[in-house]
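Here are the chains, one letter per residue:
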Amino acid sequence: MKKQALALCLSCALALSMSTPALALRVNTAPGPKPSSNSTNASTPSDTGSLTFSQIGARIEGNNLNIKSARESLESAKAMDWNAAIREVEDMKDELEFSILTMSSSAQASVANATKALESIKANITDADSLIKMLGPLTEAITGVSTAKTMAVYIEMQTASMKANVEALDDQIDDLKQQKKDYTKTLEDTSRQIDFAIDQTVTGAETLYITILSTQLQRESLVDTLESTKRTAEEMELRYNLGQISQLTLTQVKNGLVTLESSLESLDNSIATLKSSLQSLLGDTPNGVLALTDTPSVTPSQLILSYSADLVKAKSNSYTLYASTRSVEKAEDEMNDARSDHGKNSYQFKMAEHSYQAAIYKDQATIADFELSFQKLYQAIPPAQTALAVKENDLLYAQQSYAAEELKFQQGNLSQSKLLEAKATVDSAQRDVAAAQLDLFTAYHNYRQAVEQGLVGG
């Protein structure tokens, strides 16, 4: 019970130090090495007004205060010196054993000396006269032997109690060694848990990054629609002045323009809010002013995957599977403790035995769920590749159509309005390609994230 309470207190203390609101956000995490524990006070120098996708992990680990706090808590726990505590008890045991040896040796020497003195006196008594002469010393010698033996018995009783204390100290040393072992395992568990939380935090930030890019594409589309609507409104205004349309038709077009302007303002507010959330995870001032300076992409060579080998690696890196295996180990320890403490026929052992079997079944289910989730991530990549190819073909067709329309315009066979519509079609197709590229990158990066960090949650 002591070791369980110790492990629980450590886990709770470190878990409370991690308060990451982004744990529910799961999409992309760039794999990379964890920072060394001796660099927890160093922040990553950067221009907080701009950000690239590849900088997210370093910026978060260098500046996010929750993460830095969790790492410091872990280092504090690691500072516990179990060897010093064990040596202290061992020193107490050595001192007690030395006292026992000293007291026993002294008692034995006293009895031996008293007995020797008595035997010496007895050797000088050869007749009645010598007995009378030596009666006083003889009496003292007999008393000395009796006193020495009495003290020896008392010392034996004292050393017996001290030996019991030595055994208690032995048990204490064994207990401390077991606690050290459990504490070390708990530190490993907690370290894995913190790394898992960091990975999820970075995932949340990368989710925001991709979401902002996608929203900015939506904004570009809305701006094009707004510009097109403005041109339509100007045309309708002219037609109204010529008496070709009614006031109601003109009002409807203008109302649509106002609606688009309001939608654009709302979208700008949403982008600023997303950027503020991202800045908060980065440890920056959440002012909503942040330039995302690159769009992540994936190359054809990166899409050559090895499913079987990647699955093995993903399992070894998964905190979820690690925690599940640890649950089985703990359940087995509790079952063995119940057998040792209460016997094989006790209800405590039977309960623990069933709990252990339940943990095994749950572990098997967790592994099956992990494998299924990993398979879905792998299978999500080909459709994203196909979708991108379709959008690229659509863009090529739009560009070819625009080239033809531009030639007609130059020949005076097409209005400027129609040419602008063709250009808007090309711009829209380009945004569709950019969105498809983001979707493919997301699918690929989710897969790599699963391989490198064991994160497969949707």
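Attention in this report is confined to the structure presented alongside it.

### Side note on the packing of aromatic side chains
One pass over the structure, following the stated rule, counts nine aromatic pairs. When the ring of Y378 is compared with that of Y447, the centres are 5.8 Å apart and the planes differ by 50°; the resulting orientation is tilted. Of this pair, Y378 sits in helix α10 (residues 347–379) while Y447 sits in helix α12 (residues 416–453), and the two are 69 residues apart along the sequence. For Y378, a relative accessible area of 31% puts it in the partly exposed group. Put simply, the rings of Y307, F374, Y378 and Y447 touch in pairs and so form one group of aromatic residues. One cation-aromatic arrangement involves R192 over Y322; the distance from NZ or CZ to the ring centre is 4.3 Å.

### With respect to the packing of helix α3 (residues 65–78) against helix α6 (residues 135–241)
Here α3 crosses α6 at 170°, and the two axes come no closer than 11 Å. Taken as axis vectors, α3 and α6 run roughly antiparallel relative to one another. Every residue of α6 that contacts α3 at I67, A70, R71, L74, A77 and K78 is listed here: Y183, L187, T190, S191, I194, D195, I198 and T201. In the contact of α3 with α6, the residues fall into eight nonpolar, three polar and three charged.

### Points about the nonpolar core
Counting residues in hydrophobic clusters, the biggest one holds 39 residues, and the most contacted among them are L51, I56, I60, Y209, L278 and L292. Elements supplying a minimum of two residues to this core: α2 (56–63), α3, α4 (82–124), α6, α7 (247–282) and α12. Broken down by element, the residue count for this core peaks at 17 residues, all from α6. Residues within four places of L292 in sequence aside, it is in contact with L51, Y209, I212, L213 and L278. Judged by nonpolar contacts, the second largest core, of 28 residues, contains L321, A436, Y444 and A450.

### A word on the pattern of salt bridges
Pairs can form between side chains of opposite charge whenever their charged atoms are close. Enumeration over the complete set of coordinates arrives at 18 salt bridges. Across the salt bridge formed by E75 and K78, the nearest N and O atoms sit 3.7 Å from each other. Of the two residues, E75 and K78 both sit in helix α3, three residues apart, roughly one turn of that helix. Residue E75 is classed as partly exposed on the basis of its relative accessible area of 24%. Since its relative accessible area comes to 42%, K78 is described here as partly exposed. Its salt-bridge partner being K408, residue E405 comes within 3.6 Å of it at the nearest N-O pair. Highlighted residues: E405 and K408, both in helix α11 (residues 381–410), separated by three residues, approximately one helical turn. Judged by its relative accessible area of 39%, K408 is partly exposed. Because the salt bridges share partners, they merge into one network encompassing D310, K313, R448 and E452.

What counts and what doesn't
Residues numbered from 1 in each chain as written. Predicted model: local features only at pLDDT ≥ 70, side-chain atom pairs only at ≥ 80, totals over all residues. Heavy atoms only, no water. Phe/Tyr/Trp six-rings, centres within 6.5 Å; stacked < 30°, edge-to-face > 60°. Helix = DSSP H or I, 4+ residues; strand = E, 2+ residues; numbered from the N terminus. Buried < 20%, exposed > 50% of the residue type's maximum accessible area, 1.4 Å probe, protein only. Lys NZ or Arg CZ within 6 Å of the ring centre and 35° of its normal. Axes fitted to C-alpha atoms, helices over the stretch in contact; angles between N-to-C directions. Parallel < 35°, antiparallel > 145°, perpendicular 65-115°, else oblique. Contact = heavy atoms within 4.5 Å. Nonpolar A, V, L, I, M, F, W, Y, C, P; charged D, E, K, R; others polar. Core = buried A, V, L, I, M, F, W, Y, C linked by side-chain atoms within 4.5 Å. Salt bridge = Lys/Arg side-chain N within 4 Å of Asp/Glu carboxyl O.

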